[in-house]
Amino acid sequence: MELDSIDKKLLYFLQEDSKQTTKELSHKLDLSVTAVYERIKKLEKQGVISKYVALIDKHKVEKNFIVLCHVKLTQHKKEYVLQFEKEIMTLPEVTECFHVSGDYDYILKICVKNMEEYRYFMVKKLTTLQHIGSTHSSFMIAEVKNTTTIEV
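Everything numeric in this text was worked out from a predicted model, so none of it was measured. (Residues numbered from 1 in each chain as written. Predicted model: local features only at pLDDT ≥ 70, side-chain atom pairs only at ≥ 80, totals over all residues. Heavy atoms only, no water.)

Let's shift gears to the overall build of the protein chain. In terms of regular secondary structure, the protein chain is built from 5 helices and 4 strands. Sequence-ordered secondary structure for the protein chain, helices as α and strands as β, is α-α-α-β-α-β-β-α-β. C-alpha extents for the protein chain along the principal axes are approximately 55 × 35 × 25 Å. For the protein chain, the proportion of its 152 residues judged to be buried stands at 28%. Within the protein chain, residue pairs in contact and separated by at least 24 positions form 63% of the contacts whose partners lie at least 6 positions apart. By element, 53% of the accessible surface of the protein chain is carried by carbon and sulfur atoms, the whole surface being about 10800 Å². (Helix = DSSP H or I, 4+ residues; strand = E, 2+ residues; numbered from the N terminus. Buried < 20%, exposed > 50% of the residue type's maximum accessible area, 1.4 Å probe, protein only. Contact = heavy atoms within 4.5 Å. Areas by Shrake-Rupley, 256 points an atom, 1.4 Å probe, with all protein chains shown as cover.)

This paragraph deals with the environment of Y80. Tracing the sequence through the fold places Y80 in helix α4 (residues 78-88). A sequence separation of 51 residues divides Y80 from H131, and the C-alpha atoms of the two residues are 6.2 Å apart. Leave out the neighbours within four places in its chain, and Y80 touches L73, T74, Q75 and H131.

Our next topic: α4. Taken as a whole, α4 has its buried residues at Y80, V81, F84, E87 and I88. Within α4, the buried residues cover an arc of 140° as seen down the axis, which keeps them to one side. In α4, the exposed residues that point more than 90 degrees away from the buried face are K78 and K86. Looking at the buried residues of α4, the elements they touch are β1 (65-73), β2 (94-99), β3 (106-112) and β4 (132-139). (Arc of directions from axis to C-beta.)

Taking strand neighbours across the sheet as the criterion, the 4 strands line up as β2-β3-β1-β4 in an open arrangement whose pairing is antiparallel. Looking along the sheet, the strands with just one partner apiece sit at the ends: β2 and β4. Neighbour-to-neighbour, the strand axes of this sheet turn through a mean angle of 20°, independent of strand direction. Pairing of β1 with β3 involves 7 bridges; the strand directions are antiparallel. Counted as the bridge partner of H70 is I107 from β3. (Pairing = 2+ DSSP bridges. Axes fitted to C-alpha atoms, helices over the stretch in contact; angles between N-to-C directions.)

Turning next to the nonpolar core. Counting residues in each nonpolar core, the largest one holds 19 residues, and the members touching the most others are F84, I88, L108, I110, Y118 and L126. For this core, the elements supplying multiple residues, two or more each, are β1, α4, β3 and α5 (115-124). Other than its neighbours up to four places away in sequence, I88 contacts V94, C97, L108, L126 and L129. (Core = buried A, V, L, I, M, F, W, Y, C linked by side-chain atoms within 4.5 Å.)

Now for the pattern of salt bridges. Enumeration over the complete set of coordinates arrives at 9 salt bridges. For D7, the salt bridge identified is with R39, shortest N-O distance 2.7 Å. Of this pair, D7 sits in helix α1 (residues 5-16) while R39 sits in helix α3 (residues 33-45), and the two are 32 residues apart along the sequence. The exposure class of D7 is buried, given its relative accessible area of 1%. Classification of R39 by relative accessible area gives buried; the value is 18%. The structure contains a network of salt bridges with shared partners spanning D4, D7, R39 and K42. (Salt bridge = Lys/Arg side-chain N within 4 Å of Asp/Glu carboxyl O.)

Turning our attention to the packing of α1 against helix α2 (residues 22-29). Following both chains from N to C, one finds α1 and α2 inclined at 130°, their axes separated by 11 Å at the closest point. For the element pair α1 / α2, the angle class is oblique. The chirality of how α1 crosses α2 is right-handed. Here I6, K9, L10, F13 and L14 of α1 lie close against α2, whose contacting residues are L25, K28 and L29. Its residues assigned to classes, the contact of α1 with α2 shows 6 nonpolar, no polar and 2 charged. (Parallel < 35°, antiparallel > 145°, perpendicular 65-115°, else oblique. Left-handed = near helix turned anticlockwise from the far one by under 90°. Nonpolar A, V, L, I, M, F, W, Y, C, P; charged D, E, K, R; others polar.)

The quantities given are spatial measurements derived from coordinates; they are silent on function.
Okay, here's the thing in structure tokens:
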């Protein structure tokens, strides 16, 4: 799908604040309310906009202990990969999971309250998953950049 400059601006504004009204967006884009509404519906229908979410402050809900956990599977068999991915989807502490190349097979972003909660997660949840050969954890010292905005 080809996005024109107005679509790109609209996507930028929606990523900044998706609760803006079509009227507010129409003023920023110098378009009619109807034109903005139709563009948004087109972007949703074509899957460019997949959903709208509320971003939560991790500190306010005490989930600001961030861990990047590298996971290596015992083997790269298709059934091991599919089983691991299915099981990892059930763990709410894992907010992101990437299948990667290199020394490890996956990188998990895990949000928990503290080290004790992370230990519980590791012992009672993660290490009980099948086909995990090894893990390596790195703990966040400071969040330098965290954005959900994708430049289009």
